[in-house]
Amino acid sequence: MLTISLCMIVRNAQCTIERCLDSVQHLVDEINIIDTGSTDRTKEIVQNFTSRIYDFSWCNHFAKARNFSFQQATKDYILWLDADDVMTKENQHKFSQLKQTLFPSIDAVTMDYYLTLDCDGEVECSERKFRLVKRANHFQWEGAVHENLKVSGQLFHSDIAVTHLPLTKDIHRNINIYEGL
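Residues numbered from 1 in each chain as written. Predicted model: local features only at pLDDT ≥ 70, side-chain atom pairs only at ≥ 80, totals over all residues. Heavy atoms only, no water.

A. Here's a closer look at the sheet that holds strand 7 (residues 123-134). Pairing within the open sheet is mixed, and its eight strands lie in the order 3-2-1-4-7-6-10-5. Edge positions in the sheet fall to strand 3 (53-55) and strand 5 (85-86), since each of these pairs with one other strand and no more. Bridge count for strand 6 (residues 108-117) against strand 7 is nine bridges, and the pairing is antiparallel. Looking at the pairing, Thr-110 lines up with Phe-130 of strand 7. Sitting on the sheet, helix 1 (residues 17-24) touches strand 1 (4-10), strand 2 (30-35) and strand 5, and the angle it makes with strand 1 is about 170 degrees. Running at roughly 145 degrees to strand 1, helix 3 (residues 62-71) makes contact with strand 1, strand 2, strand 3, strand 4 (77-80) and strand 7 of the sheet. (Pairing = 2+ DSSP bridges. Helix = DSSP H or I, 4+ residues; strand = E, 2+ residues; numbered from the N terminus. Contact = heavy atoms within 4.5 Å. Axes fitted to C-alpha atoms, helices over the stretch in contact; angles between N-to-C directions.)

Right, here's the structure in full:
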């Protein structure tokens with residue numbers, strides 16, 4: 001069976017990181033947390049899940065941070081998530097099945113990304129993202145904001161979904177990065 005490294009970049013995620021890691025810790029073989037300057041309890045919470053915590057000096061460039069996170073991975077495949085993402089029980093089950101059956105010839109796997117839910121929990125907006133990639137291919141991220149993972153090879157489109165559940169929105173973060181470019 002293939003092995004999976006979870007790679008995340010986080011900052012001041014004390015309110016969401018535990019929820020995220022609880023939803024996937026049993027699905028991955030390694031958790032790599034890249035902290036970009038937390039001043040809250042994020043690192044303390046993460047220590048309950050992994051000792052693989054790395055500091056990355058924030059340079060207003062998401063792709064650079066994500067590429068650093070991928071460099072820490074040691075397993076066959078890399079799964080990436082944000083601290084305010086979760087995988088529901090149904091999708092955890094699907095992911096577990098994928099882990100047992102994925103052909104090693106697959107280079108990257110897409111998953112739905114549920115960006116917004118309505119008040120009834122129904123998906124209002126979603127997109128597909130490459131979420132699981134073969135580590136040996138050294139795929140790279142590009143872009144300071146709204147970064148994109150450049151992949152190639154044998155692709156597999158799964159029926160797994162990751163749900164984005166932020167508690168707040170930092171509307172100024174991306175504007176500040178763009179202004180600094």
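B. Up close: the pairing of strand 7. Inspection of the sheet shows strand 4 paired to strand 7 by three bridges, in the antiparallel sense. If you follow Leu-79 over to strand 7, its bridge partner there is Leu-132. Here strand 6 folds back onto strand 7 in antiparallel fashion, the turn holding five residues, of which Gly-121 has a positive phi close to 85 degrees.

C. Up close: helix 1. The complete set of buried residues in helix 1 reads Ile-17, Cys-20, Leu-21, Ser-23 and Val-24. Down the axis of helix 1, the buried set is contained in an arc of 160 degrees. They therefore lie on one face. Along its buried surface, helix 1 packs onto strand 1, strand 2, helix 2 (42-46), strand 5 and helix 4 (89-101). (Buried < 20%, exposed > 50% of the residue type's maximum accessible area, 1.4 Å probe, protein only. Arc of directions from axis to C-beta.)

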